[in-house]
Amino acid sequence: MRRVLLAVVALSATLAAGCDDAGASPAAQASTAPAAAAGGACQLLDFGMVNTKLGLNLSIAAGASMDNTFSCVLQSAGGSYPDLVLSVSTTGIGPDVFGSDVQPKDAQTVEGLGLVGYQMQTPAAEKAGPGVEVGWLAGNKRIIKLSLRLAPGNPDDKAAEAMPKMIELAKLIDLSSL
């Protein structure tokens, strides 16, 4: 289980790093292709749905898969943040193991999301603003994690305002899980 989680974290970090605008050329423009065209977990996302729910303008998608984990990063054309990361991994665990081994200790329970779900705020990092994370064990034996990271300089209360919107988006994604 820990290997799966490490793979999800590593893949998400790789995708986020690959989407960094530090070395971007002026020719790198937002695509008009739907998010699903990026593959990976992006097949569960739609720019219109995400932007409407979160009040953002995300327009670039990068998807990947490794073993039994599928990931997606959505970003705006203007920079690395805000970004939305979705990861989906197949599993054989049940709600008890999810609650004790997967859900972070300081997370709060989210009722009505999968078999068991959680929410938590994440603090600002060196080059990123604060964020929120929603994770759950879907009824179809998948661990799903949805994370939003805001741009540097955003206050913590801006992330807190995003939490109910992220939970609504997570519930939509849960209904569309393959």
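What counts and how
Residues numbered from 1 in each chain as written. Predicted model: local features only at pLDDT ≥ 70, side-chain atom pairs only at ≥ 80, totals over all residues. Heavy atoms only, no water. Buried < 20%, exposed > 50% of the residue type's maximum accessible area, 1.4 Å probe, protein only. Helix = DSSP H or I, 4+ residues; strand = E, 2+ residues; numbered from the N terminus. Arc of directions from axis to C-beta. Polar contact = N/O pair within 3.5 Å; in protein donor to acceptor, adjacent residues only side chain to side chain. Contact = heavy atoms within 4.5 Å. Salt bridge = Lys/Arg side-chain N within 4 Å of Asp/Glu carboxyl O. Phe/Tyr/Trp six-rings, centres within 6.5 Å; stacked < 30°, edge-to-face > 60°.

A. Representation of helix α2 (residues 47-54) within the structure. Residues of α2 that are buried include every one of F47, V50, N51 and L54, and no others. Each buried residue of α2 sits inside an arc of 95 degrees when the element is viewed along its axis, so together they form one side. Measuring from the backbone nitrogen of G48 back to the side-chain oxygen at the start of α2 gives 3.1 Å, which picks out D46 as the cap. Following α2 by one or two positions, G55 adopts a phi angle in the positive range, close to 70 degrees.

B. Expanded view of the environment of L74. Residue placement: L74 occurs in strand β2 (residues 69-75). Taking C-alpha positions, L74 is 5.1 Å from L84, a pair spaced 10 residues apart along the chain. Not counting residues up to four positions away in its chain, the partners in contact with L74 are A35, L45, F47, V50, L58, I60, A61, P82, D83 and L84.

C. Structural view of the pattern of salt bridges. Applying the stated criterion to the full structure yields two salt bridges. In this structure, E168 engages K53 in a salt bridge whose closest nitrogen and oxygen atoms are separated by 3.1 Å. One end of the pair, E168, is in helix α4 (residues 156-176); the other, K53, is in helix α2, and 115 residues separate them in sequence. When its relative accessible area of 42% is taken as the criterion, E168 is described as partly exposed. The shortest N-O distance in the salt bridge between E133 and K145 comes to 4.0 Å.

D. Main features of the packing of aromatic side chains. Per the stated rule, a full pass over the model turns up one aromatic pair. Their ring planes at 35 degrees and their centres at 6.1 Å tell us that F98 and Y118 sit as a pair that is tilted. In this pair, F98 sits in helix α3 (residues 95-102) while Y118 sits in strand β5 (residues 116-122), placing the two residues 20 residues apart along the sequence. Overall, the relative accessible area of 1% leaves F98 in the buried class.

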